[in-house]
Amino acid sequence: MASLNKVMLIGNLGKDPEVRYTAGGTAVASFSVATTEKFKGKDGNWEEKTEWHNITLWARLAEIAGEYLSKGKTVYIEGRLQTRKWTDKEGKDRYTTEIVGEKMQMLSAKGEGGGGGQRQSRPQQDYNQGGGYEEPVFNPDDEIPF
């Protein structure tokens, strides 16, 4: 039986990416992305619910994120869900669910978003795990079809 593990998010970075390197020299970037849903509550007033997603990027994609993304920027992430098990300092098993990004597209216009004001902005390009780029998934100036 076939299966599918696919996640697509558009949201804002909650903090600057943290980039570190494995013993073998491979870059790994970690950051959080917030997505916000607006809906009418039982009382008829508009309410917001924000969901936070932990993102992990590898290799050249991690380096690009570290160089060009910053807190508050809007980003499109495409990847898969992954749950990891680890042991804390007290020896207790802990679990972390994260999104391992395979594609990323920077959606904020130059100068938009939070920190990182001194970073140079590249033209919007859709970066994939191999470090190359493809045509943008959609133009952020167009209406989003949902």
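Residues numbered from 1 in each chain as written. Predicted model: local features only at pLDDT ≥ 70, side-chain atom pairs only at ≥ 80, totals over all residues. Heavy atoms only, no water.

The protein appears in an unreviewed UniProt entry as Single-stranded DNA-binding protein from Citrifermentans bemidjiense. Here is the UniProt Subunit (unreviewed entry) comment for the protein, exactly as written: "Homotetramer." The UniProt entry for the protein carries the following text under Function (unreviewed entry): "Plays an important role in DNA replication, recombination and repair. Binds to ssDNA and to an array of partner proteins to recruit them to their sites of action during DNA metabolism." (UniProt positions renumbered as here; feature names shortened; annotations may be inferred.)

(A) View of the overall build of the protein. The helix and strand inventory of the protein stands at one helix and eight strands. If you list the helices and strands of the protein from N to C, you get β-β-β-β-α-β-β-β-β. Here the protein, with 146 residues, has 33% of them falling under the buried criterion. Contacts spanning at least 24 positions in sequence make up 57% of the contacts within the protein whose residues lie at least 6 apart. (Helix = DSSP H or I, 4+ residues; strand = E, 2+ residues; numbered from the N terminus. Buried < 20%, exposed > 50% of the residue type's maximum accessible area, 1.4 Å probe, protein only. Contact = heavy atoms within 4.5 Å.)

(B) Summary view of the pattern of salt bridges. Here the structure, examined in full by the defined rule, presents eight salt bridges. For Arg 60, the salt bridge is made with Glu 63, and the minimal N-O distance between the two is 3.3 Å. With Arg 60 and Glu 63 both in helix α1 (residues 59-68) and three residues apart, the pair spans about one turn of that helix. Classification of Glu 63 by relative accessible area gives partly exposed; the value is 30%. The salt bridge involving Asp 93 is made with Lys 85; its shortest N-O contact spans 3.3 Å. (Salt bridge = Lys/Arg side-chain N within 4 Å of Asp/Glu carboxyl O.)

(C) View of α1. Of the residues making up α1, those classed as buried are Leu 61, Ala 62, Ile 64, Ala 65 and Tyr 68. Along the axis of α1, the buried positions cluster into a sector of 160°, meaning they face one direction only. (Arc of directions from axis to C-beta.)

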